[in-house]
Amino acid sequence: MTNLEIVRSTYEGKTSEENGKNLAKYVAENFSWTEAKGFPYAGTYTGLEEVTKNVFYRLGSEWIDYKFTPEDYVAGDDKVVAYGTYTGTNKATGKYFEARVAHVWKLKEGKITSFEQFVDSQSVNNSMK
């Protein structure tokens, strides 16, 4: 698979579970995952277990229908950028949000080595208040 196909497979599966399985299949053992400063789950996490605990578990337990809808991709050499929109409703407040986002993926030899999120966090944070 190309790097673009690998990244697309983490977003465009039939279910979130399928996307998660594809991510797990293609991540390097000690890949890094960075959530943007100012985002509720900000920080850099190493390995799938840390990402699952600090990001995916919280997204699943604190939000209703939280998702990233990709608009397009830009790919070159060892990088793929996906950009689009986050949407969801916070379970605690019942408030809906939309936020523009870009994800920068780095890959080496068919494995994801890093992920970095760039997002307008204000609307996400406002929906949590």
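Note that the coordinates shown come from a computational prediction; the quantities given were computed from them, not determined experimentally.

**Examining the side chain of Asn 22**
- Relative to the helices and strands, Asn 22 is located in helix α2 (residues 16–26).
- Accessibility expressed as a relative area gives 14% for Asn 22, which makes it buried.
- Those residues in contact with Asn 22, other than ones at most four positions away along the chain, are Ser 9 and Thr 10.

**Digging into the nonpolar core**
- Core analysis: the largest hydrophobic core is formed by 32 residues, its most contacted members being Tyr 11, Trp 33, Phe 39, Tyr 86, Trp 105 and Ile 112.
- At the level of secondary structure, the elements contributing two or more residues to this core comprise α1 (3–9), α2, β1 (27–35), α3 (47–62), β3 (63–76), β4 (79–90), β5 (96–108) and β6 (111–119).
- Look past the residues within four positions of Tyr 11 in its chain and what remains in contact with it is Asn 19, Phe 68, Pro 70, Tyr 73, Ala 82, His 103, Trp 105 and Phe 115.

**What about the sheet that holds β6?**
- In spatial order, the strands read β2-β1-β6-β5-β4-β3; together these 6 strands make up an open sheet with mixed pairing. Of all the strands in the sheet, the pair left with one neighbour each is β2 (43–46) and β3. Strand-to-strand twist of the sheet, defined as the mean angle between neighbouring strand axes without regard to direction, takes the value 20 degrees.
- Bridge count for β5 against β6 is 8 bridges, and the pairing is antiparallel. Bridging from a neighbouring strand, Lys 108 pairs with Lys 111 of β6.
- Strands in contact with α2 are β1, β5 and β6; relative to β1, the strand with the most contacts, it is inclined by about 120 degrees.
- Strands β1, β2, β3 and β4 of the sheet are contacted by α3, whose axis makes an angle of about 45 degrees with β1.

Reading guide: rules and limits
- Residues numbered from 1 in each chain as written.
- Predicted model: local features only at pLDDT ≥ 70, side-chain atom pairs only at ≥ 80, totals over all residues.
- Heavy atoms only, no water.
- Helix = DSSP H or I, 4+ residues; strand = E, 2+ residues; numbered from the N terminus.
- Buried < 20%, exposed > 50% of the residue type's maximum accessible area, 1.4 Å probe, protein only.
- Contact = heavy atoms within 4.5 Å.
- Core = buried A, V, L, I, M, F, W, Y, C linked by side-chain atoms within 4.5 Å.
- Pairing = 2+ DSSP bridges.
- Axes fitted to C-alpha atoms, helices over the stretch in contact; angles between N-to-C directions.

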